[in-house]
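# Secondary and tertiary structure notes
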Amino acid sequence: MALRRLSAFRPQPRRTTTSARVRAVPPTVFSRMSALAASTGAVNLGQGFPDTDGPSSVIEQAGVALRTGHNQYAPGPGTTDLRRAIAAHQWAHYGITLDPDTEVVVTTGATEGIAAALLGLVDPGDEVVALEPFYDSYAAMTAFAGGVLKGVTLRAPDFRLDPAALEAAVTKRTKLLLINTPHNPTGTVLGREELEAIARVAVAHDLVVVTDEVYEHLVYDDHEHVPLATLPGMAERTLTLSSVGKSFSLTGWKVGWATGPAELVSAVLGAKQWLSFTSGAPLQPAVAWALEHERTWPASLARDLQARRDLLCDGLDALGLPVRRPEGTYFAVTDISALGWDDGLSFCLALPERAGVVAIPLQGFYADGSSAGRQLVRWAFCKEPAVLEEGLRRLGAADLTA
């Protein structure tokens with residue numbers, strides 16, 4: 001009897017502790033590949049962060065804020081000065097008029113803006129139509145919100161929008177269009193005709209549009225970034241996301257914003273208050289300073305990045321990796337099938353050992369089951385020229401064939 005009673009206390013198999021929503025979303029590929037770069041000493045041409053910091057004057061302003069008492073919670077929507085600076089930025093660059101009190105909210109980077117927008121606007125069962133390949137948080141946060149993500153593919157090698165495919169993707173259950181331009185990872189900058197096609201679909205179906213414009217100032221050659229909110233019929237239905245990270249090479253600060261109609265901004269704030277509530281109190285005055293006093297710095301950065309883009313793209317072409325020269329962003333995409341590979345993940349996992357370089361496979365940037373990007377790989381050129389040259393030297397000395 002005693003033995004039988006003791007058996008009741010034997011350890012039982014534990015229930016799974018992780019929620020189903022988290023188990024359903026794979027870990028971000030960026031963490032995996034950056035960890036691989038760190039563990040192997042490889043040149044990291046994968047994750048999109050620059051090697052050098054942004055303007056020293058902006059960094060100094062953050063130090064001033066730290067020393068002068070800006071170390072407690074900032075207001076939930078963001079400091080008044082930063083919200084005013086964001087509104088002034090939108091007016092100065094695009095002629096967009098915003099009320100900083102009701103039509104601007106500061107977020108913990110654009111990534112939180114994406115999360116809060118989807119959690120605040122999407123109900124379970126709602127469809128979200130996004131341009132694929134897409135930043136991987138789009139899929140994760142749509143799933144967390146209970147929505148259904150549908151991709152409209154920008155197909156290689158040109159990565160242009162097919163208006164008919166966009167129209168065909170919209171159904172009665174579609175709630176929201178999620179648009180990214182300049183586009184990560186392809187480097188496409190949507191032209192006015194493509195934007196007009198998006199606007200026609202949004203107006204005809206009465207859809208909300210969320211636009212991710214974090215690379216708004218990083219466009220090259222004669223290309224122009226046109227915010228979707230500036231097109232007829234779009235201001236009242238468009239929520240625009242951006243951040244200081246890419247435009248000012250301050251990616252670690254994680255200060256972003258959402259702007260648009262008060263109703264949409266309120267939805268973002270309604271979700272954000274339960275995510276970070278607020279963050280970066282001493283950084284917000286510095287970001288306001290950047291937007292007001294360093295307005296020409298992003299244009300200078302774009303000229304510098306264009307030269308780095310050409311350095312990387314010329315080098316990849318010479319190595320037999322056909323590359324589409326991007327119109328914006330930090331990234332260039334190559335097709336690895338010419339080297340005998342048909343799987344970008346396998347190629348990228350082999351690359352650190354073979355060449356001492358890390359890149360990012362595009363499979364994780366597509367909706368489940370899509371094979372459209374299986375043979376594509378993304379390379380970051382937001383690195384110092386010496387780093388790009390070393391990466392190209394290593395690639396050139398390696399056997400890259402399958």
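Each chain carries its own residue numbering, running from 1 in the written order of its sequence. Local features in a predicted model are, by the rule used here, given only for residues with pLDDT of at least 70; side-chain atom pairs are given and counted only at 80 or more, and totals for whole chains, interfaces and linings are based on all residues. The side-chain quantities take in all heavy atoms of the structure and omit both hydrogens and water.

The name given to the protein chain in an unreviewed UniProt entry is Aminotransferase, with Nocardioides phosphati as the source organism. In its Cofactor (unreviewed entry) section, UniProt records this for the protein chain: "pyridoxal 5'-phosphate". UniProt positions are given in the numbering used here, feature names are shortened, and annotations may be inferred rather than shown by experiment.

### Description of the sheet that holds strand E6 (residues 208-212)
Criterion used throughout: strands pair if DSSP finds at least two bridges between them. Secondary structure elements are defined from DSSP: runs of H or I of at least 4 residues count as helices, runs of E of at least 2 residues count as strands, and each element is numbered from the N terminus. Taken together, the seven strands give an open sheet; going across it, the order is E2-E8-E7-E6-E5-E3-E4, and neighbouring strands pair in mixed fashion. Only two strands of the sheet have a single neighbouring strand rather than two, namely strand E2 (104-107) and strand E4 (148-153). Within the sheet, the average angular offset between the axes of one strand and its neighbour, ignoring direction, is 20°. Judged from the four bridges that link them, strand E3 (residues 127-132) and strand E5 (residues 174-180) form a sheet pairing that is parallel. Orientation is described by lines fitted to C-alpha atoms, with helices fitted over the stretch in contact, and by angles between N-to-C directions that extend from 0 to 180 degrees.

### With respect to helix H4 (residues 56-67)
With 12 residues, H4 extends 17 Å from end C-alpha to end C-alpha; this agrees with the ideal 16 Å at 1.5 Å per step. Exposure classes here rest on a 1.4 Å probe applied to the protein chains alone. A residue is buried below 20% of its type maximum, exposed above 50%, and partly exposed in between. Within H4, the full set of buried residues consists of Val58, Ala62, Gly63 and Ala65. For H4, the angular spread of buried residues about the axis comes to 160°, placing them on one side. More than 90 degrees from the buried face of H4, the exposed residues found are Ser56 and Arg67. Packing partners of the buried residues in H4 comprise helix H12 (283-293). In the stretch just after H4, Gly69 is the one whose phi turns positive, near 95°. Multiplying 1.5 Å by the residue count of a helix minus one yields the expected span of that helix. What the arc covers is the set of directions going from the helix axis to the C-beta atoms. Here, two residues are considered to be in contact whenever any of their heavy atoms come within 4.5 Å of each other.

### Thoughts on the state of the cysteines
Note: disulfide means a covalent bond formed between the sulfur atoms of two cysteine side chains. In this description, a disulfide is simply a cysteine sulfur pair whose atoms lie within 2.5 Å. A full pass over the atoms with the stated rule returns zero disulfides. Of the cysteine sulfurs around Cys313, a residue in no disulfide, the closest is that of Cys382, at 13 Å.

### Topic: the sheet that holds strand E10 (residues 331-335)
An order of E9-E10-E13-E12 is seen for the four strands of this open sheet, with the pairing classed as antiparallel. At either margin of the open sheet sits one strand with a lone partner, and together these are strand E9 (323-324) and strand E12 (360-361). Against the sheet, helix H14 (residues 344-355) touches E12 and strand E13 (376-380), its axis set at about 45° to E13.

### Some points on the pattern of salt bridges
What makes a salt bridge here is a side-chain nitrogen of Lys or Arg within 4 Å of a carboxyl oxygen of Asp or Glu, nothing more. Applying the stated rule across the entire model yields 18 salt bridges. The shortest N-O distance in the salt bridge between Glu112 and Lys272 comes to 3.4 Å. Taken together, the residues Glu112 in helix H6 (residues 109-121) and Lys272 in helix H11 (residues 262-272) connect sequence positions 160 residues apart. For Lys272, a relative accessible area of 1% gives the class buried. The residue Arg374 makes a salt bridge to Asp343 at a minimum N-O spacing of 3.2 Å.

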